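Here is how the chains run, residue by residue.
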Amino acid sequence: MMKTVYAPCTEDAKKSKPKVSPWQKLWWKKRSHLEVSLLVLFLISVLVAAALVIVIVIQATLKQESETCETEGCIVSAARILKNMDRSIDPCQDFYEYACGRWKLHNPIPDDSSRTSSFWALGRQVNADVRQFLEEPVESSEPEAVRKAKSLYRSCVDTEKIEKLGITPLWQFLDKTGGWPVVNRTWSEHNLDMMSIFVMLRLYNIEVFFAHLVDHDWKHSHLYIHRFDEANLGMPSRGYFLKGRNDTMLQAYEKYAYDVAVALGATETDARQQIKQMVDFEVDIANIMIPEEKKRDFSELYNRMTLKQMTRNITGIDWTVYLRTIFQHVNLEIPDSEPVIVSVPGYYREIFDLMQRTPKRTIVNYLTWRVIQYAIAFLPKRYRSISNAYRQVVYGSKTEQARWKTCVKQVTYEMGDAVGRVYVQKRFDEEAKVYATEMITNIKESFKEMLAENEWMDDVTKRAAMEKAEATVAKVAYPDFILNDTALDEKYKHMTCIPGQYFYSVLENKKAKTFEKLKKLRTVLNKTEWQTNQPAMVNAFYHPICNQIIFPAGILQPPFFEKDFPQYLNYGGIGSIVGHEITHGFDDEGRQTDKDGNLIPWWQPSAVEKFKRKAQCIIDQYSKYVVKEVNMTVNGIRTQGENIADNGGLKEAYRAYHTWVKKRGQKEKPLPGLNMTVDQIFFINYAQNDCGNMTPESYIEAIQSWVHTPNRYRIIGTVSNFPAFARSFNCPLRSPMNPRIKCNVW
């Protein structure tokens, strides 16, 4: 231990003492004892106050940490959100990657698919639930409709019987068209009856060359009318046929038809020559079709005339004979004065001119191929494998879809309400319907508030828009009739299922559904009815004719909605989807119909022009997005309606949530472990609605065919237009997610 040495008080020691400045000496000497004491007390008080501030800050921090939501739903949600995020990304640079960067690591694209997303993941779970129900034993106590659905499913998965029957059912069906010329070497055009073929295709609702529908009359929305439009093509959209004959995907399509023809008995020489001619013909058809982005103005498509006028003006087929032959099957008379709408009269004239210049063999080869293409899913595995090879090239999927998945989708499509009956009874939480309905009401009110504050719309148009918003009807979960055995059985009384005869059953059901739709011609539309028939579906809809927003039971569950979630999750999740559907009533297409679904000019011209300028901003913004996976740009014109709905829906949901909080009088607790504000979590959950992953081939399909922008740009485009997002994440002005110019329609 060191000793302390005390220095003696010597003259040297005195000299070593520190000197006191004259100023210090003078200041202390002039202060009284009381002043010095008060000064000391003041300094002590400052130190105590500082200590108290530190304690308060620490306590507040601890209190804040303890005030996170600790329910099971919050903990699970926090884990899900964190799992999908990439927090190494700056949210102001790329919010999609920040919110969804790790999602695809945990959700690889299944080998039997070309894409996956939050919607698709939930949809697969719903399909798995439906599979479980359909595989349960048939009970005599069940409605007949449910028993039919189970029987149809069993027939579909009975691949042993399908293999045993082979292609006999297909040949029996093709006898109605005279056979496939490329396969039938004795085929001759001398006895060809094109009218009979066209009628047969219509009775089975197989569209080739043209599409005939019994549709809503856009200007008299309570009535039905004939509408004629373009038909679909053999590939996802016309863009696939316009890239040149050396394009890889078009060559895969030609090989697909060639391989099927050879498998069905055509010689390689005949197949090579005739299939090439057939595809060349389809390329010509694609070239005369109207691009979808040019078909967004409904007034341009509303070309109303009488049947007599159509028969006189569009030659190539006697339309009067055509319709009368079809409708005699449902005992309806069709007079010469029958009103019809021809959406694209120019296309109709050109398609029949093209057919006049084309050999009959090529025309019938194409007609028959389109029938086979539809039917191939119901044929033995050998033929489905050929289809799968084509799908690998065009969509990027690797394997054929499991048979049960194909069958669940088919039965749900054919008998959606019967499937929905079982799904609702066994999986749906009825309380979710009450909570969701309340949320929809709140978001609808937020849109009306935004409409009232709108500065670019004149008062006359604004009042009419307010009436339309008020008249919008929400359909939630399922139609009540599906719980009524008698009503459900009545709907599906014409459905057929013959055990071991799946192909035949599908065709007969297709014809039965066609007849039911044809019968609507002389009826009045009941606008209170649901306009979808699949409660077990993960999707949402806006129906312009009935001014309905529709939210099936399948989507009213996590991750989009849960009645026990904090509301910022629900509003950021299903709430933004609700707002999206509401806004569809006021996008570039929805705004063309009034509150009753009628196509009339209910906007003032000045409002229309201002709307178009605002919509053009959206078009230009999204047209600049380059999908790096395939180096293609988004089609801003075709996707504008969905983009307008995305932007409006997010704002409505955000506003509705904050209104809900204000009325509640108390803020919600944030999720644990995220160290984020409630607003930030709202936006992250919104983005995670659209986490996804696609093959390059599927990106090409999306860009060429879909009306939705690919997921990444749906999120980036929407949040970058919303100032509240930039404030929530403190994004600097001119950063990618906070640009100086923002597009704003609603």
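Below is a short write-up of the structure. Here the structure is a predicted model, which means the values were calculated and not measured.

**Observations concerning the state of the cysteines**
Taken as a whole and judged by the stated rule, the model has five disulfides. In this model Cys100 forms its disulfide with Cys691; the gap between the sulfur atoms is 2.0 Å. Judged by the sign of its S-S torsion, about -80 degrees, the cystine formed by Cys100 and Cys691 is left-handed. With Cys100 in helix H5 (residues 95-100) and Cys691 in the loop between helix H29 (678-688) and strand E11 (692-694), this pair connects stretches of sequence that are 591 residues apart. On the basis of relative accessible area, Cys691 is assigned to the buried category, the value being 0%. Counting only the cysteines that form disulfides, in the order they appear in the chain, gives the pairing 1-2, 3-9, 4-8, 5-6, 7-10. Considering cysteine sulfurs only, Cys156 is the nearest to Cys497, which forms no disulfide, with 9.8 Å between them.

**Digging into the side chain of Thr709**
Mapped onto the elements, Thr709 comes out in the loop between helix H30 (696-705) and helix H31 (711-719). With near-sequence residues (within four places) excluded, Thr709 lies in contact with Tyr622, Val634, Thr639, Asn643 and Arg714.

**Examining the packing of helix H20 (residues 403-414) against helix H25 (residues 502-518)**
At a closest axis distance of 11 Å, the pairing of H20 and H25 adopts a crossing angle of 25 degrees. As far as their axial angle goes, H25 and H20 are roughly parallel. For the crossing formed where H20 meets H25, the hand is left-handed. Where H20 abuts H25, its residues Arg403, Gln410, Tyr413 and Glu414 lie against Tyr502, Val506, Asn509 and Lys513. When its residues are assigned to classes, the contact of H20 with H25 shows three nonpolar, two polar and three charged.

**Overview of helix H23 (residues 459-471)**
Because each turn of an α-helix spans 3.6 residues, side chains separated by three or four positions in sequence point in the same direction. Helix length check: H23 (13 residues) gives 18 Å between terminal C-alpha atoms against 18 Å at 1.5 Å per residue, within 8%. Packed against the buried residues of H23 are helix H22 (430-453), strand E7 (541-543) and helix H27 (605-623). For H23, the N-terminal capping position is held by Asp458, with its side-chain oxygen 3.1 Å away from the main-chain nitrogen of Val460.

**A closer look at the sheet that holds strand E4 (residues 304-306)**
What the four strands build is an open sheet, ordered E2-E3-E5-E4; its pairing is mixed. Taken across any chain shown, the strands that pair with only one partner, and hence form the sheet edges, are strand E2 (210-217) and E4. The mean inter-strand angle of the sheet, taken between neighbouring strand axes irrespective of direction, is 35 degrees. As paired strands, E2 and strand E3 (residues 220-230) are joined by eight bridges and run antiparallel to one another. Residue pairing in the sheet places Asp215 in a bridge with Ile225 of E3.

**Re the environment of Ala252**
Mapped onto the fold, Ala252 is located in helix H12 (residues 248-263). With 388 residues separating them along the chain, Ala252 and Gln640 place their C-alpha atoms 31 Å apart. What Ala252 contacts, discounting residues up to four positions off in sequence, is Tyr390 and Val393.

**A look at the side chain of Glu230**
With respect to the secondary-structure elements, Glu230 resides in strand E3. Taking relative accessible area as the criterion, Glu230 reaches 8% and is therefore assigned buried. At 2.7 Å, the side chain of Glu230 and the backbone nitrogen of Ile290 are in polar contact. Polar side-chain contacts of Glu230 include one of 3.3 Å to the side chain of Lys295. When sequence neighbours within four positions are dropped, the list of residues in contact with Glu230 reads Ala211, Met289, Ile290, Lys295, Val344, Tyr347 and Tyr348.

About the criteria used
Residues numbered from 1 in each chain as written. Predicted model: local features only at pLDDT ≥ 70, side-chain atom pairs only at ≥ 80, totals over all residues. Heavy atoms only, no water. Disulfide = S-S within 2.5 Å. Helix = DSSP H or I, 4+ residues; strand = E, 2+ residues; numbered from the N terminus. Buried < 20%, exposed > 50% of the residue type's maximum accessible area, 1.4 Å probe, protein only. Contact = heavy atoms within 4.5 Å. Axes fitted to C-alpha atoms, helices over the stretch in contact; angles between N-to-C directions. Parallel < 35°, antiparallel > 145°, perpendicular 65-115°, else oblique. Left-handed = near helix turned anticlockwise from the far one by under 90°. Nonpolar A, V, L, I, M, F, W, Y, C, P; charged D, E, K, R; others polar. Expected span 1.5 Å × (residues − 1). Polar contact = N/O pair within 3.5 Å; in protein donor to acceptor, adjacent residues only side chain to side chain. Pairing = 2+ DSSP bridges.

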